[in-house]
Amino acid sequence: MSYEYDVIIVGSGPAGYSCAMQSSKFDKKVLVVEAHHSNLGGTWINLGTVPSKALRESAQTIKKFDTQFGTEESRKPYERFRMEDLLQYKNEVLEQENKKVKNDLIKNEVDVARGYGRVADEHTVEVETPIGTTERYTSKRILLCTGSSPVNPTTFEIDQDKVLDYQSIFELTHIPKRLVILGIGVNALEYATTFAALGTRVTMLSENLQHLTFLDDEIKDHLNQELRKQGITIKTGVEVEDVDYNSIRTCVEVRFRNLEGDRRLQVIETEHALYMGGSKPNTANLGLEKVDIQTTEEGYIPVNDNFQTKVDSIYAAGDIIGFPRLASASFTQGRLAACNMFDMPARDIPRQIPFGIYTIPEISHIGLTEKQAEERGHDVTIGRAYFKNIAKADMMGNPSGVLKLVFSTDTFKLLGVHIIGDQACNLIHLGQAVMGLNGDIRYFIRNVMNYPTLSEAYRRAAFNGVNRVYKAGVKYKQILEDKEFHDNQQ
């Protein structure tokens, strides 16, 4: 049978974009279907990762300036800066990123169809266009990568004016003095520290008793200290009953009760409330029933190790297949899906991938936490480097943070890296490389690193860990000479 395309990609987010790029390198004919009427990149560029991080960069720049040079006549940032200017910078970044994606698709001769795409059969995608017509396209392979969208609250309405969500937060006309964030996940904490850096008094409310439970305990303790230092109030184990204007409509009232203990109604007055609840995969109305693809209870599409669904010609990647639901992972998933569908050699995604949280300061980690390593039976030693002892951190005006190495006492093999501090999401990649090459912490001691840099923290942490092993009774010569050390261990 003759098909119009080698692959049709439904969604132009990170998974779809990378699949299109990789497929074009295999000299395949590619069609990308995008529902947005003008912009490419999906939530990744237009509503999620890129805009939120651009706003964060502006806030962090203001905070660093105040740290180095002091506030102007003790005025808060929200008194000196305009939200309009911060959002204009964000818009410029979005425009640049959209232009890059568009140019890449044009350069690689990838076709684009505007409209809502759904599966019609194993080799056909229907596209409902903005003008109401329906177009049909055929292809040997189909990749579904339509991302995810937020779940709306059930006890109150988001009016997009005083009660905001991830989209309307970018329509603020001023920097708020007070903000209540409903939620305590990764995105909620990123927004909390962003607005706190702008002088906003932030309160966070959550039903959950714990937050970021996947973090190393020590890193989480440092984060909580930073949140307190920034004046961010966190109330956990509470149930929000209503969010609405007060009787004279001068502010928003958030009404909530504790889930345990004192159940009396409590009220917080605020300028704005920001709802940051969970998200759901965009798998409804994709036509999956026409090809008998069943989703999980949560709505995710099951795939095998090749990102292939139960239908041989249909693949899926990104948020719609579940964990880890990261833009960084989706880029790789889309590329590997292209390799697998066209029988090109490719290595699987490594079991250990870095996780980044763009709070102020950043958090990133890869591998096992100290607790996980101990639970798996490793004889664990820890090496730490505090940013307050790093010259570059002093120069940058933010000496808060720690880099923590988790390694095997017997072999010095690096098991995990956990960082909180400036540039953590960049710094993690050095540890990732050493772990990926099955290296050990002595790499950081033997090799010269530029000075002054934040990467120096790896060297300090490695020495700190080695000294702990030395104090436990292992001779320094054994530590530094691989062969003799391993012979003695045997």
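Residues numbered from 1 in each chain as written. Predicted model: local features only at pLDDT ≥ 70, side-chain atom pairs only at ≥ 80, totals over all residues. Heavy atoms only, no water.

S.K.: Honestly, the sheet that holds strand 10 (residues 201-206) in this entry has me stumped. Any pointers?
M.R.: Paired through their backbone hydrogen bonds, the strands of a sheet run either parallel or antiparallel. Judged by pairing direction, the sheet is parallel, and its five strands sit side by side in the order 8-15-9-10-11 without closing on themselves. The sheet is open, and its two borders are formed by strand 8 (163-164) and strand 11 (233-236), each paired with just one other strand. Here four bridges tie strand 9 (residues 178-182) to strand 15 (residues 272-275), and the two strands are oriented parallel to one another. In the sheet register, Leu179 faces strand 15, and the bridge partner there is His272. Sitting on the sheet, helix 6 (residues 186-197) touches strand 9, strand 10 and strand 15, and the angle it makes with strand 10 is about 165°. (Pairing = 2+ DSSP bridges. Helix = DSSP H or I, 4+ residues; strand = E, 2+ residues; numbered from the N terminus. Contact = heavy atoms within 4.5 Å. Axes fitted to C-alpha atoms, helices over the stretch in contact; angles between N-to-C directions.)

S.K.: Please clarify how helix 11 (residues 424-436) should be interpreted in this entry.
M.R.: Note on helix geometry: an α-helix contains 3.6 residues per turn, so any two residues three or four positions apart are oriented the same way. When the terminal C-alpha atoms of helix 11 are compared, their 18 Å separation across 13 residues agrees well with the 18 Å that a helix rising 1.5 Å per residue should span. Within the sequence span of helix 11, burial applies to Ala424, Cys425, Leu427, Ile428, Gly431, Val434 and Met435. Against the buried residues of helix 11 lie strand 18 (355-357), strand 19 (363-367), strand 22 (414-421), helix 12 (442-446) and helix 13 (456-471). Phi turns positive one or two residues past the end of helix 11, at Asn438, with a value near 60°. (Expected span 1.5 Å × (residues − 1). Buried < 20%, exposed > 50% of the residue type's maximum accessible area, 1.4 Å probe, protein only.)

S.K.: Just to check I follow, could you spell out the packing of aromatic side chains for this structure?
M.R.: One pair of aromatic rings is described through two measures. These are the centre distance and the angle between the planes. For the structure on display, the rule yields ten aromatic pairs. Aromatic side chains Tyr17 and Trp44 sit 5.9 Å apart centroid to centroid with 45° between the ring planes, which places their arrangement in the tilted category. Separated by 27 residues along the polypeptide, Tyr17 in helix 1 (residues 14-25) and Trp44 in helix 2 (residues 42-46) bring together distant segments of the chain. Pair check on accessibility: Tyr17 and Trp44 agree, each one buried. Each member of the aromatic cluster is reached from another via a ring pair, and the members are Tyr17, Trp44 and Phe331. Positioned above the aromatic ring of Tyr5 is the side chain of Lys29, whose terminal nitrogen or guanidinium carbon lies 5.1 Å from the ring centre. (Phe/Tyr/Trp six-rings, centres within 6.5 Å; stacked < 30°, edge-to-face > 60°. Lys NZ or Arg CZ within 6 Å of the ring centre and 35° of its normal.)

S.K.: It is not clear to me how helix 1 should be interpreted in this structure. Could you clarify?
M.R.: The end-to-end C-alpha distance of helix 1 is 17 Å, a good match for the 16 Å that twelve residues give at a rise of 1.5 Å each. Counting buried positions along helix 1 gives eleven out of twelve residues, so the element sits mostly inside the fold. Along helix 1, the positions that sit buried rather than exposed are Pro14, Ala15, Gly16, Tyr17, Ser18, Cys19, Ala20, Met21, Gln22, Ser23 and Ser24. Next to the buried residues of helix 1 lie strand 1 (5-10), strand 2 (30-34), helix 2, helix 5 (83-107), strand 6 (134-144) and helix 8 (327-341). Once helix 1 finishes, Asp27 follows within two positions and takes phi at roughly 60°, a positive value.

S.K.: Quick question: what am I supposed to make of the pairing of strand 12 (residues 238-245) here?
M.R.: Regular strands place side chains that alternate from one sheet face to the opposite one. Relative to strand 13 (residues 252-258), strand 12 runs antiparallel, the two sharing seven bridges. Residue pairing across strands places Val238 opposite Asn258, the latter belonging to strand 13.

S.K.: Is there a simple way to explain the pattern of salt bridges in this structure?
M.R.: Pairing of side chains with opposite charge becomes possible as their charged atoms draw close. Here the structure, examined in full by the defined rule, presents 25 salt bridges. Put simply, Asp85 and Arg82 hold a salt bridge, and the shortest N to O gap is 3.0 Å. Because the salt bridges share partners, they merge into one network encompassing Asp216, Glu218, Glu370, Arg384 and Lys404. (Salt bridge = Lys/Arg side-chain N within 4 Å of Asp/Glu carboxyl O.)

S.K.: Would you explain the confidence of the model for the protein in this entry?
M.R.: Do not read the predicted coordinates in detail wherever pLDDT is low. Residue-level pLDDT values for the protein average 91, and 96% of them are 70 or greater. Ignoring residues within four places in sequence, the model shows residues 483-490, a span with pLDDT below 50, making 14 contacts including any to other chains. (pLDDT = per-residue confidence, 0-100.)

S.K.: What is the right way to look at the sheet that holds strand 18 in this model?
M.R.: Read from one edge to the other, the open sheet built from five strands follows the order 18-19-22-21-20, with strand pairing classed as antiparallel. Of all the strands in the sheet, just strand 18 and strand 20 (380-386) have a single pairing partner and so form its edges. Sheet twist, expressed as the mean angle between neighbouring strand axes with direction ignored, is 10°. In terms of strand pairing, strand 20 meets strand 21 (residues 401-408) through seven bridges, oriented antiparallel. Bridge pairing in strand 21 links Thr381 to Phe407. Along the sheet face, helix 13 touches strand 20, strand 21 and strand 22 and points at about 140° away from the line of strand 20.

S.K.: I tried to follow the packing of helix 1 against helix 8 on my own but got confused; where do I start?
M.R.: Helix packing geometry: the angle between the two helix axes and the distance between the axes. At a minimum axis separation of 7 Å, helix 1 and helix 8 run at an interaxial angle of 35°. The hand of the helix 1/helix 8 crossing is right-handed. Along the contact surface, helix 1 presents Pro14, Ala15, Tyr17, Ser18, Cys19, Gln22 and Ser23, while helix 8 presents Ala327, Ser330, Phe331, Gly334, Arg335, Ala338, Cys339 and Met341. Split into classes, the residues belonging to the contact of helix 1 with helix 8 amount to nine nonpolar, five polar and one charged. (Left-handed = near helix turned anticlockwise from the far one by under 90°. Nonpolar A, V, L, I, M, F, W, Y, C, P; charged D, E, K, R; others polar.)

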